[in-house]
Amino acid sequence: MKALSIHIEKLIENYHKLIYYVIKGGVILLNYAIKHYFFDHNATRDFFSGKNYNLFLIISGSGNFKCGDTTLSIQPQNLIIFKPNVSGRLEFINSHVPMDFFLIQLSSELLQELSDENTNLEFSFNVVPFQQISVRLDNEIYMLMKNLARKITSFGNQPQQFAASIFERGILQMFIVLALRACIHAESHTSKGSRHHLMLDDVFLYIQSHLTEDLSLERLENEFYVSHEHISREFKKQTGQTIHRYIVKARLDYCCRLIEQAIPLTEVYKMSGFGSYNHFFRAFKKEYGMTPSEYFKTIKNEARSS
């Protein structure tokens, strides 16, 4: 019996799956599925979208998706989209940060059901000429989508409340629209072909890849062979915020993910690139209006209530 239990645990590989159905005219149709994957060891897994649209929201960890001749980078805060009939092999090499992501599978029937007379959601997915794509989400959109994904996973565990189906429909619509906007923005971004935009893309990727290290303007200047004044000016012009502000917010978001994994606060600030606990504490409270320990208590309470 114990061997069977271990075998089952190995099969599910620490992810939870919730499948929802709608009934139309007495026929049961697959509506959507959401899975929460968590790997704390080396992992290789094959995915095939079949008839569905697959959306992978990356929370932590890094690796690659091999899709034929295309390799998609897996990084925290990325949204990876597979259209129907796309296969990919996920490759995760264990590091000090585990791989954590949500996979939401959307059927064509669901997209039609959630569309209205002005917006055809499935048509909108197919306007973008990518079969698979990895999109970098800005902080605000990422936090919204992460919270929505968590809310969607809780639907099956909650008692039916007032207008539950309308609420669920609205959450799904919002998640899908945010994904589409991110995807369309990526296509617009690519089609411009501007060297300034490409340079900034490289800066974003470099910052995310070296988030826990010193990220002074001088280091960026040496890395990209462009004066730090030019980098600062272009960054502020295109994002509306300074590089320093972006780095602090990205580090704080990373801190939140570490806190949610119950990593001790004395380790969180070291792992996230803050020079001292006092700097981390002040920045966190200024950004979120609460201390790191208060945030941890809030997360624990939410977990208990769900």
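Read on for a plain summary of the structure.

Each value, and the rule that gives it
Residues numbered from 1 in each chain as written. Predicted model: local features only at pLDDT ≥ 70, side-chain atom pairs only at ≥ 80, totals over all residues. Heavy atoms only, no water. Helix = DSSP H or I, 4+ residues; strand = E, 2+ residues; numbered from the N terminus. Buried < 20%, exposed > 50% of the residue type's maximum accessible area, 1.4 Å probe, protein only. Phe/Tyr/Trp six-rings, centres within 6.5 Å; stacked < 30°, edge-to-face > 60°. Core = buried A, V, L, I, M, F, W, Y, C linked by side-chain atoms within 4.5 Å. Pairing = 2+ DSSP bridges. Axes fitted to C-alpha atoms, helices over the stretch in contact; angles between N-to-C directions.

### Focus on unusual backbone geometry
And step 1. Despite not being glycine, Asn-85 shows a phi value in the positive range, around 65 degrees.
And step 2. With respect to the helices, strands and loops of the structure, Asn-85 is situated in the loop between strand 7 (78-82) and strand 8 (87-92).
And step 3. Take Asn-85: its relative accessible area is 59%, and that puts it in the exposed class.
And step 4. Even without being a glycine, Ala-262 presents a positive backbone phi close to 65 degrees.
And step 5. Along the polypeptide, Ala-262 turns up in the loop between helix 9 (243-260) and helix 10 (265-271).

### Some remarks on the packing of aromatic side chains
And step 1. What the rule picks out here adds up to 21 aromatic pairs.
And step 2. Between Phe-235 and Tyr-246 the ring centres are 5.5 Å apart and the planes differ by 65 degrees, which places this aromatic pair in the edge-to-face class. Taken together, the residues Phe-235 in helix 8 (residues 228-239) and Tyr-246 in helix 9 connect sequence positions 11 residues apart.
And step 3. Accessibility expressed as a relative area gives 8% for Tyr-246, which makes it buried.
And step 4. An aromatic cluster is defined as three or more aromatic residues linked by ring pairs; in this entry it consists of Tyr-269, Phe-274, Tyr-277, Phe-280, Phe-281, Phe-284, Tyr-288 and Tyr-295.

### Details of the nonpolar core
And step 1. Leu-55, Leu-57, Leu-106, Phe-125, Ile-152 and Phe-175 are the most contacted members of the largest nonpolar core, which has 34 residues in total.
And step 2. It is helix 5 (residues 164-192) that contributes the most residues to this core, nine residues altogether.
And step 3. The next biggest cluster of nonpolar side chains, apart from the first, holds 33 residues, and it includes Leu-200, Leu-215, Ile-259 and Met-271.

### Quick notes on the pairing of strand 6 (residues 70-74)
And step 1. Note: strand 5 (residues 63-67) against strand 6, five bridges, orientation antiparallel. By the bridge assignment, Lys-66 is partnered in strand 6 with Thr-71.
And step 2. Taken together, strand 5 and the strand that follows it, strand 6, pair antiparallel across an intervening segment of two residues, in which Gly-68 is found at a positive phi of about 65 degrees.

### Looking at the sheet that holds strand 8
Two pairing modes exist for strands in a sheet, parallel and antiparallel, and in both the strands are linked by backbone hydrogen bonds.
And step 1. In spatial order, the strands read 3-8-5-6; together these four strands make up an open sheet with antiparallel pairing. Of all strands in the sheet, those with a lone pairing partner are strand 3 (43-48) and strand 6, marking the two edges. Going across the sheet, the axis of each strand differs from the next one's by a mean of 20 degrees, ignoring polarity.
And step 2. Bridge analysis of strand 3 against strand 8 gives six bridges, and the strand direction is antiparallel. Within the sheet, the bridge partner assigned to Ala-43 lies in strand 8 and is Phe-92.

None of the figures reported here should be taken as evidence of function without further support.
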